[in-house]
Amino acid sequence: MGRPGADRAAFDVFFADHYRELARFAYLLTGDHHAADDVTAEAMAEAWKSWTRVASTDWPLAYVRRIVANIAGARTTRLVRERHGWWLWSAGRGEQSEDPDTDAALDLRKALLRMPARKRACVVLRYYYGLSERETAETLGIAVGTVKSQSSRGLEELAALLRGSRSAPSAERGGNRRSTAEGATR
């Protein structure tokens, strides 16, 4: 199977079938349409460079989702460093959208952008894409237990952010819907 022939055809099918989904994932991680396009294009280029390895995995889509998550996370880290934190500070303030999003969707997007990258990726993969804990772990290259804790903490943090709370969920007293063993040890 030579690269110009069958590999190219298989990659073209993968690209056509999954580009939009991966771009939506990148958008949910970055909060910016242009950045999402850049992240998705870069991830697809990386997938093509390693297509033989990607195609040989049990779940090529998970492999490329991990590439998207890694690129988006690296991009966010780079922006934070370059802008000395101003990007994160301003991401949730006074943003105007030309998209026909509802107020709730805008609030959710702003809250997601205020969360750490790994928590955000776990929450988005689990609850927007509906992946199982195992699938999310495979996609991100982390342990299932990490997915469970990051998803749980991420949902608590997201709820606090949506309520307008300025404190981290772990600092809240008595406001959690369910108590965890971690909360009891603090």
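Everything discussed here concerns the structure shown above.
Residues numbered from 1 in each chain as written. Predicted model: local features only at pLDDT ≥ 70, side-chain atom pairs only at ≥ 80, totals over all residues. Heavy atoms only, no water.

Enquirer: Teacher, can you tell me more about the overall build of the chain here?
Expert: Of regular secondary structure, the chain possesses ten helices and zero strands. Secondary structure elements of the chain occur, N-terminal to C-terminal, as α-α-α-α-α-α-α-α-α-α. Carbon and sulfur atoms provide 51% of the accessible area of the chain, an area that totals close to 11,100 Å². (Helix = DSSP H or I, 4+ residues; strand = E, 2+ residues; numbered from the N terminus. Areas by Shrake-Rupley, 256 points an atom, 1.4 Å probe, with all protein chains shown as cover.)

Enquirer: Where do I start with the side chain of Thr-40 in this structure?
Expert: Mapped onto the elements, Thr-40 comes out in helix 2 (residues 33-49). With relative accessibility at 0%, the residue Thr-40 sits in the buried group. Here the side chain of Thr-40 touches Ala-36 through a polar contact of 2.7 Å, landing on its backbone oxygen. For Thr-40, the residues in contact, after removing those within four places along its chain, are Tyr-19, Leu-22, Ala-23 and Ala-26. (Buried < 20%, exposed > 50% of the residue type's maximum accessible area, 1.4 Å probe, protein only. Polar contact = N/O pair within 3.5 Å; in protein donor to acceptor, adjacent residues only side chain to side chain. Contact = heavy atoms within 4.5 Å.)

Enquirer: I would appreciate a short explanation of a negative patch on the surface in the present structure.
Expert: Residues Asp-32, Asp-37, Asp-38 and Glu-42 make up a contiguous surface patch of negative charge. In this fold, Asp-32 is placed in the loop between helix 1 (3-30) and helix 2. (Patch = residues over 30% accessible without salt bridge, like charges linked within 9 Å, V, L, I, M, F, W, Y side chains within 5 Å. Salt bridge = Lys/Arg side-chain N within 4 Å of Asp/Glu carboxyl O. Lys, Arg positive; Asp, Glu negative; His and termini not counted. Charge placed at Lys NZ, Arg CZ, Asp CG, Glu CD.)

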